[in-house]
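The chain contents come next:
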Amino acid sequence: LLSKPEIEKMFHKVAEIWQENKDYLSEIDSRFGDGDHGVTIGKIASLIEKKLAAWEDDDIEEFLEDLGDSTMEIGGGSAGPLYGTLSGGGAIDEGLLKEMFTECQSAMEDITNAKVGDKTMMDALIPAVAAAEAAEGDCLAILEAAKEAAARGAKESEQYVSKFGRARSYKEQTIGTPDAGAVSTSLFFAGLCDGLK
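Residues numbered from 1 in each chain as written. Predicted model: local features only at pLDDT ≥ 70, side-chain atom pairs only at ≥ 80, totals over all residues. Heavy atoms only, no water.

A.B. asks: Looking at this structure, how should I read the overall build of the chain?
C.D. replies: What the chain contains, in helices and strands, is 8 helices and 0 strands. The N-to-C order of helical and strand elements in the chain reads α-α-α-α-α-α-α-α. Residues classed as buried in the chain amount to 52% of the 197 residues present. Partitioning the intrachain contacts of the chain with sequence separation of at least 6 by distance along the chain shows that 68% fall at a separation of at least 24. Element-wise, carbon and sulfur atoms account for 48% of the exposed surface of the chain, whose accessible area totals about 8800 Å². Side-chain charges of the chain comprise 19 positive and 38 negative groups, with the mean position of each set lying 8 Å from the other. (Helix = DSSP H or I, 4+ residues; strand = E, 2+ residues; numbered from the N terminus. Buried < 20%, exposed > 50% of the residue type's maximum accessible area, 1.4 Å probe, protein only. Contact = heavy atoms within 4.5 Å. Areas by Shrake-Rupley, 256 points an atom, 1.4 Å probe, with all protein chains shown as cover. Lys, Arg positive; Asp, Glu negative; His and termini not counted. Charge placed at Lys NZ, Arg CZ, Asp CG, Glu CD.)

A.B. asks: Before we go on, may I ask you to explain the packing of aromatic side chains in this structure?
C.D. replies: Each aromatic ring pair is specified by the distance between its two centres and by the angle formed by the two planes. Per the counting criterion, the structure on display carries 6 aromatic pairs. Taken together, a centroid distance of 6.2 Å and an interplanar angle of 80° make the contact between Phe11 and Phe63 edge-to-face. Highlighted residues: Phe11 in helix H1 (residues 4-32) and Phe63 in helix H3 (residues 60-74), separated in sequence by 52 residues. For the pair shown, Phe11 and Phe63 are each scored as buried. With 5.7 Å between their ring centres and 75° between their planes, Phe188 and Phe189 make a pair best called edge-to-face. Take Phe188 and Phe189: they sit in the same class, and that class is buried. We note Lys4 situated over the ring of Trp55; from NZ or CZ to the ring centre the distance is 4.9 Å. (Phe/Tyr/Trp six-rings, centres within 6.5 Å; stacked < 30°, edge-to-face > 60°. Lys NZ or Arg CZ within 6 Å of the ring centre and 35° of its normal.)

A.B. asks: When you look at the nonpolar core in this model, what are you seeing that I'm missing?
C.D. replies: General note: in soluble globular proteins, nonpolar side chains tend to be found buried as a group. Phe11, Trp18, Ile48, Ile92, Phe101 and Phe188 are the most contacted members of the largest nonpolar core, which has 57 residues in total. Those elements that place two or more of their residues in this core are H1, helix H2 (37-54), H3, helix H4 (79-84), helix H5 (94-111), helix H6 (122-134), helix H7 (139-156) and helix H8 (180-196). Sorting elements by how many residues they give to this core places H8 first, with 10 residues. In contact with Phe101, not counting residues within four places along its chain, are Leu86, Val129, Ala132, Leu143, Phe189 and Leu192. (Core = buried A, V, L, I, M, F, W, Y, C linked by side-chain atoms within 4.5 Å.)

A.B. asks: Would you take a moment to explain the packing of H6 against H7 for this structure?
C.D. replies: The geometry of a pair of packed helices is captured by two quantities: the angle between their axes and the separation between those axes. In the contact formed by H6 and H7, the axes pass within 7 Å of each other and the chain directions differ by 150°. The orientation of H6 relative to H7 falls into the category roughly antiparallel. As for how H6 packs across H7, the hand of that crossing is right-handed. Residues Asp123, Ala124, Pro127, Ala128, Ala131 and Ala132 of H6 form the contact with H7, whose participating residues are Ile142, Ala145, Ala146, Ala149, Ala150, Gly153 and Ala154. Broken down by class, the residue content of the contact of H6 with H7 amounts to 11 nonpolar, 1 polar and 1 charged. (Axes fitted to C-alpha atoms, helices over the stretch in contact; angles between N-to-C directions. Parallel < 35°, antiparallel > 145°, perpendicular 65-115°, else oblique. Left-handed = near helix turned anticlockwise from the far one by under 90°. Nonpolar A, V, L, I, M, F, W, Y, C, P; charged D, E, K, R; others polar.)

A.B. asks: Explain the pattern of salt bridges to me, please; I cannot follow it from the model alone.
C.D. replies: As a working rule, side chains carrying opposite charge can pair if their charged atoms are close by. Summed over all chains, the structure comprises 10 salt bridges. The salt bridge involving Arg31 is made with Glu27; its shortest N-O contact spans 2.9 Å. In this pair, Arg31 and Glu27 both sit in helix H1, 4 residues apart, roughly one turn of the helix. On the basis of relative accessibility, which here comes to 35%, the residue Arg31 falls in the partly exposed class. One salt bridge in this structure joins Glu144 and Lys197, with 3.5 Å as the shortest N-O distance. Linking Glu144 in helix H7 with Lys197 in the segment after H8, this pair joins segments that are 53 residues apart in sequence. By relative accessible area, which is 54% here, Lys197 ends up exposed. Look at the salt bridges and you will find they share partners, linking Glu144, Lys147, Asp194 and Lys197 into a network. (Salt bridge = Lys/Arg side-chain N within 4 Å of Asp/Glu carboxyl O.)

A.B. asks: Would you explain the side chain of Lys4 in this entry?
C.D. replies: Relative to the elements of secondary structure, Lys4 occurs in helix H1. Exposure remark for Lys4: the relative accessible area of 15% places this residue in the buried category. Here the side chain of Lys4 touches Glu56 through a polar contact of 3.3 Å, landing on its backbone oxygen. A polar atom in the side chain of Lys4 sits 3.3 Å from the backbone oxygen of Asp57. Lys4 has contacts with Trp55, Glu56, Asp57, Asp58 and Ile60, leaving out every residue within four places of it along the chain. (Polar contact = N/O pair within 3.5 Å; in protein donor to acceptor, adjacent residues only side chain to side chain.)

Structural data, given as structure tokens:
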């Protein structure tokens, strides 16, 4: 089971990695998009730190729900809904961790039709969730699998042509640049994993 201190470390690490990479995320987003993805991710990272600092009781479910609701309020395109759906019921064990990721993906699929190859955050999310679902072992093993698959998916997004958002109008020009959403999603899984180590 993931304890409160472990959850805290995991989310601190996510916030830290996002803050370190926010300028890079905005830079790749600015090539063909609005250029504000890093700003949004930076805001969510600051929110995570603020919520962690104020988290006093041991109710993990309540913490994640509150964090999710507040993340949705930040908006910022698709980043809000993804991180806004990460709520777990009660103590988080291996089964629930997998379920949380699966629910994240289905929540995103309600919002977008994007699939792997469309150069969106789904390029990292879909393989990460699939890897988490297939992983055997403890929570760390599940997160390791998700982290690796998300990183691979973000890297592979470089070779795709954008099919969504503003970047879509640039067609083949977008080849060679990774999708900013896929990169921030892969950093999210990296943070959760590295924070648990």
